Amino acid sequence: MSRPRHSAGFTIIELMMVVFVAAIFVAVALPSFSTAINNSRLQSASNELASLIQYARSSAVQNNQSMNICVSSGVWSVRKSCTDSSATVLRSFTPPTGVTVSASVTSLTFRSNGTASSSADLIACTNSTASSGYKLSIQASGFVKLNAQGKDGSSTLSSCTPS
């Protein structure tokens, strides 16, 4: 039996070099990937919270009765009453792990004409990093604005706690 002159395939050294180069690429990309996941999680939570607020407002107008946004143990919910424990929760939002939401109020009421009982600010952050946080501003007129990441209107968001 004769042996072919040129064998096809890889040597173990070539294979080890490919694995080594791939490991370097993974080590460089992994921190960026986890940052992207955290940013995506925070943006999704902020959008969901804004959606919950819009839902409360539209439900108040649609049903021609006041609707409340209440927070209890970190869970945000839409109910007819925050003080009545038997009030049905129409919709709720629990921030994902690592996302904190702080607010300037503990409850907010939307009237049947779509106006809010007061203005309020909510800020969603990860790791208490204001530069990557999202600020939701609710005006007494009922207008809800979700600012760009790390922004407080036209200025930079300086804290994860509303003033």
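Residues numbered from 1 in each chain as written. Predicted model: local features only at pLDDT ≥ 70, side-chain atom pairs only at ≥ 80, totals over all residues. Heavy atoms only, no water.

Now for the environment of V101. By secondary structure assignment, the location of V101 is in strand β4 (residues 99-103). Residues V101 and A45, 56 residues apart in the sequence, show an inter-C-alpha distance of 9.2 Å. (Helix = DSSP H or I, 4+ residues; strand = E, 2+ residues; numbered from the N terminus.)

The topology assignment puts L42 in helix α1 (residues 12-63). Setting aside chain neighbours within four positions, we find L42 in contact with V99, A124, C125, T126, S132, G133 and Y134. (Contact = heavy atoms within 4.5 Å.)

Within this structure, the stated rule accounts for 2 disulfides. Linked covalently through their sulfurs, C70 and C82 form a disulfide whose S-S length is 1.8 Å. Measuring the twist about the S-S bond at about -90°, one finds the C70-C82 disulfide to be left-handed. Pair noted here: C70 is in strand β1 (residues 67-72) and C82 is in the loop between β2 (75-79) and β3 (91-93), with a separation of 12 residues, a long-range link. With a relative accessible area of 7%, C70 lands in the buried category. Note on C82: relative accessible area 29%, which makes it partly exposed. Sulfur-sulfur distance for the disulfide between C125 and C160 comes to 2.1 Å. Note on the C125 and C160 pair: the S-S dihedral is about -100°, so by sign convention the disulfide is left-handed. (Disulfide = S-S within 2.5 Å. Buried < 20%, exposed > 50% of the residue type's maximum accessible area, 1.4 Å probe, protein only.)

A separate point is α1. Between its terminal C-alpha atoms α1 stretches 72 Å, which fits the 76 Å expected from 52 residues at 1.5 Å a residue. Largest kink in α1: about 35°, centred on A29, with the proline P31 one to four residues after it. Every buried residue of α1 is listed here: L42, A45, S46, L49, A50, L52, I53, A56, S59 and A60. Just downstream of α1 lies N64, where phi reads positive at about 55°. (Expected span 1.5 Å × (residues − 1). Bend = angle between axes of the 7 residues up to and from the residue.)

Assignment of secondary structure puts S46 in helix α1. If sequence neighbours within four positions are ignored, S46 has contacts with A124, Y134, L136 and L146.

As summarised here, the arrangement of the 4 strands in space is β3-β2-β1-β5, forming an open sheet in which the pairing is antiparallel. Unpaired on one side and paired on the other, β3 and β5 (107-110) mark the two borders of the sheet. The average angle at which neighbouring strand axes cross in this sheet is 15°, direction not considered. Here β1 pairs with β2 via 5 bridges, running antiparallel. Within the sheet, the bridge partner assigned to N68 lies in β2 and is R79. Together, β1, β2, β3 and β5 form the strand contacts of α1, whose direction differs from that of β3 by roughly 160°. (Pairing = 2+ DSSP bridges. Axes fitted to C-alpha atoms, helices over the stretch in contact; angles between N-to-C directions.)

In this section: the nonpolar core. Formed by 25 residues in total, the largest nonpolar core has its most connected members in L49, I53, I69, W76, F110, L122 and I138. For this core, the element with the highest residue contribution is α1, accounting for 8 residues. Leave out the neighbours within four places in its chain, and I138 touches I53, L108, F110, A116, S118, S119, A120, L122, F143 and V144. Among the nonpolar cores identified, the runner-up in size contains 5 residues, and I123, C125, L157 and C160 belong to it. (Core = buried A, V, L, I, M, F, W, Y, C linked by side-chain atoms within 4.5 Å.)

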